[in-house]
Amino acid sequence: MIASSRQLEQKSPQLALKLYPLNTDALLAWGIETLGGSGGDTSIEAIGSSARSAIPLNAGDARIYSLVGETMRRQGQDTAAYAMFDHALLLAKTEIHALQWSIQRAVEKRDYREVTNRLDVLFRRWPERIAPLAEALPAVYSNADGYSALLSQLGDNPPWRERLIAALTADTAKDLGFAQRLVQDMAVGRSPSTATETAEVLAALFKREQYNEAYRTFLLTLTPAERELSGFVFDGTFQQGPSARIFDWSVRQQPGVTTSLPQKADTYPGQPGNGLLLEFNNTPVLNVGVSQYLLLPPGGYSIALHASAFAAKLPKGLVWTIACRSPSKQVLNLDVPEGDYKDRAVDARFSVPGDCPIQVLRLRTNAIAESWSERYSGRVLIHALRISAVQS
């Protein structure tokens, strides 16, 4: 009988209980099936009575107390129901049903510390619940006390923090302001927002064409060391590697060229300084894969390049370009010389029109098709790239 009851407990829980009345899993399955459907008061009372009868033999099973609590809640006995939920959580703090109702009660009571502690348990145990709940969090934590409680919890760097930021910046998010504020405030806290977390927010803002907000968030989340690298071109001296954040360098390895960032001065004997190193492999090169988004206000500018080259052959050129992202419009071409030289300076002037809210700085070639008669070889080391405003 017991074995038959075990086999039937999920498919036919009531039959399983008839075969073996002490089958707790069958009782729980019956409760879930009935309470999740359209069971009337009689069914709810029957489940509650059976669950209470099961307590003496299952005093340590949090699920039983949670089931009793749910039947009481359905019958309007809220105080008794929450007492059962609390007891269930004493036995097992991850009992999912009791945990969710405990969170709702804490929200209603505006006990934000309790809300946050319970959410921490929920998100650690069931990280897949983060995305469905993320949409409600800006409203839950809309006042100062609530926001402070959440920010304090995030300062402990819980394992779900990055996933929460990703959920708050999903395409379905109604307002990115909450996530934006979180990463900005975490940046000055005891566990600063990571580049990955910031990148999620920046990408979401950028996708919605909130360029000024994205750039402001980028600047406010820089580390003290990174602030020293800021300018019209971020890290124009190529001191650190890419971080996947918009407004930082993007480097994608391309066929025919090996790109190293940052490249240290002692890699090759006689190499003059650090920078962005391009090593060409004696093959055609269509793309270089180095770019950065800029936010230059309308006006006039100058750009200064410092580079070294070592037997560099660039048959279709190597060019720094600046183009408006939308509408597409190129505003600068700056050629990198080929040959052999050390720390050569090249500069140019350009202007940004009024209908160009965001720009792309890109290093590319002029090749439009692969031709083995036009093979790139040698090395080019970009030491610095700076943009300055020009007074009109």
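Our structure is the block above this text.
This is a predicted model, so every value here is computed, not measured.

> Pulling in residues and values, what's your account of the overall build of the protein chain?
A tally of helices and strands in the protein chain yields 16 helices and 10 strands. By residue count, 47% of the 392 residues in the protein chain fall in the buried class. As displayed, the protein chain has an accessible area near 19,100 Å², and 50% of this comes from carbon and sulfur atoms.

> Any details on the sheet that holds strand E5 (residues 299–313)? Residues and values, ideally.
Backbone hydrogen bonds hold the strands of a sheet together, and the pairing may be parallel or antiparallel. Here five strands make up an open sheet; going across it, the order is E2-E3-E10-E5-E8 and the pairing antiparallel. The strands lining the two open edges of the sheet, one partner per strand, are strand E2 (257–263) and strand E8 (339–352). Put simply, the sheet's adjacent strands are angled 20° from each other on average, direction ignored. Relative to strand E3 (residues 275–283), E2 runs antiparallel, the two sharing five bridges. When the bridges of E3 are listed, Ser-260 appears paired with Leu-277.

> Talk me through the sheet that holds strand E9 (residues 359–364); I want residue IDs and the actual numbers.
Read across the sheet, five strands follow the order E1-E4-E9-E6-E7 without closing on themselves; strand pairing throughout is antiparallel. Strands at the two margins of the open sheet, each flanked by one partner only, are strand E1 (250–251) and strand E7 (329–335).

> Which residues make up the pattern of salt bridges, and what are the values?
If you walk through the whole model with that rule in mind, you get 14 salt bridges. A salt bridge links Asp-86 to Arg-105; the shortest N-O distance between them is 2.6 Å. Of this pair, Asp-86 sits in helix H6 (residues 78–91) while Arg-105 is found in helix H7 (residues 96–108), placing the two residues 19 residues apart along the sequence. Looking at Asp-86, the relative accessible area reads 28%, which means it is partly exposed. Within the structure, one salt-bridge network assembled from shared partners comprises Glu-70, Arg-73 and Arg-74.

> An account of the side chain of Glu-95 is needed here, citing residue identities and associated values.
Structurally, Glu-95 can be placed in the loop between H6 and H7. Buried and unpaired, Glu-95 has no salt bridge, with Arg-63 as the nearest side chain of opposite charge at 6.5 Å. Polar side-chain contacts of Glu-95 include one of 3.2 Å to the backbone nitrogen of His-97. Within the structure, the side chain of Glu-95 is placed 2.9 Å from the backbone nitrogen of Ala-98, a separation counted as a polar contact.

> Quick one: what's the story with the state of the cysteines, residue by residue and with numbers?
By definition, a disulfide links the sulfur atoms of two cysteine residues through a covalent bond. For the coordinates displayed, the defined rule picks out one disulfide. With its sulfur 2.1 Å from that of its partner, Cys-324 forms a disulfide with Cys-356. Residues Cys-324 and Cys-356 are joined by a disulfide whose S-S torsion is about -115°; by sign, that bridge is left-handed. Here the residue Cys-324 occupies a position in strand E6 (residues 319–324), and Cys-356 occupies one in the loop between E8 and E9, the gap between them amounting to 32 residues. Accessibility expressed as a relative area gives 4% for Cys-324, which makes it buried.

> Would you mind going over unusual backbone geometry in detail, with residue names and values included?
Residue Pro-262 follows Leu-261 across a cis peptide bond; omega there is -10°. Looking at the element boundaries, Pro-262 is found in strand E2. Put simply, Ser-326 and Pro-327 share a cis peptide bond, and its omega is 0°. Within the secondary structure, Pro-327 sits in the loop between E6 and E7. Phi is positive for Arg-110, which is not a glycine, with a value near 60°. The topology assignment puts Arg-110 in the loop between H7 and helix H8 (112–125). Accessibility expressed as a relative area gives 62% for Arg-110, which makes it exposed.

> Run through the packing of helix H13 (residues 177–186) against helix H14 (residues 195–207), naming residues and quoting values.
The packing of two helices is summarised by the inter-axis angle and the distance between the axes. Close contact between H13 and H14 brings their axes to 10 Å; oriented N to C, the two are set at 145°. At the point where H13 passes H14, the crossing takes the left-handed sense. Of H14, the residues touching H13 (which contributes Ala-179, Gln-180, Val-183 and Met-186) are Glu-197, Val-201 and Leu-205. Tallied by class, residues from the contact of H13 with H14 come to five nonpolar, one polar and one charged.

The rules behind the values
Position numbers for residues start from 1 in each chain and track the written sequence from start to end. Under the rules for a predicted model, residues below a pLDDT of 70 receive no local features and side-chain atom pairs below 80 are neither given nor counted, while totals for whole chains, interfaces and linings still include all residues. Derived side-chain values reflect all non-hydrogen atoms in the structure, with water molecules and hydrogen atoms excluded from consideration. By definition, any uninterrupted DSSP run of H or I lasting at least four residues is a helix, any uninterrupted run of E lasting at least two residues is a strand, and each is numbered from the N terminus. Residue exposure (1.4 Å probe, protein chains only): buried if accessible area is under 20% of the type maximum, exposed if over 50%, otherwise partly exposed. For accessible areas, the Shrake-Rupley method is used with a probe of radius 1.4 Å. Any residue's cover is judged against the shown protein chains and nothing else. The rule for pairing is simple: two strands pair if DSSP sees at least two bridges between them. For every element, the axis is a line fit to its C-alpha atoms; helices are fit only across the contacting stretch, and the angle between N-to-C directions ranges from 0 to 180 degrees. Take a side-chain nitrogen of Lys or Arg and a carboxyl oxygen of Asp or Glu: if they are within 4 Å of each other, that pair is a salt bridge. Charged residues are defined narrowly, with Lys and Arg counted positive, Asp and Glu counted negative, and His plus the chain ends left uncounted. Pairs of N or O atoms are called polar contacts if they sit within 3.5 Å, as long as, within protein, a hydrogen donor faces a hydrogen acceptor (for residues adjacent in sequence, only side-chain-to-side-chain pairs). The criterion for a disulfide is a pair of cysteine sulfur atoms lying within 2.5 Å. Two helices cross in a left-handed way if the nearer one is turned anticlockwise from the farther one by less than a right angle. They cross in a right-handed way if the turn is clockwise. By definition in these notes, contact holds between two residues if any of their heavy atoms fall within 4.5 Å. Three classes are used, and their members are as follows: Ala, Val, Leu, Ile, Met, Phe, Trp, Tyr, Cys and Pro are nonpolar, Asp, Glu, Lys and Arg are charged, and the others, Gly among them, are polar.

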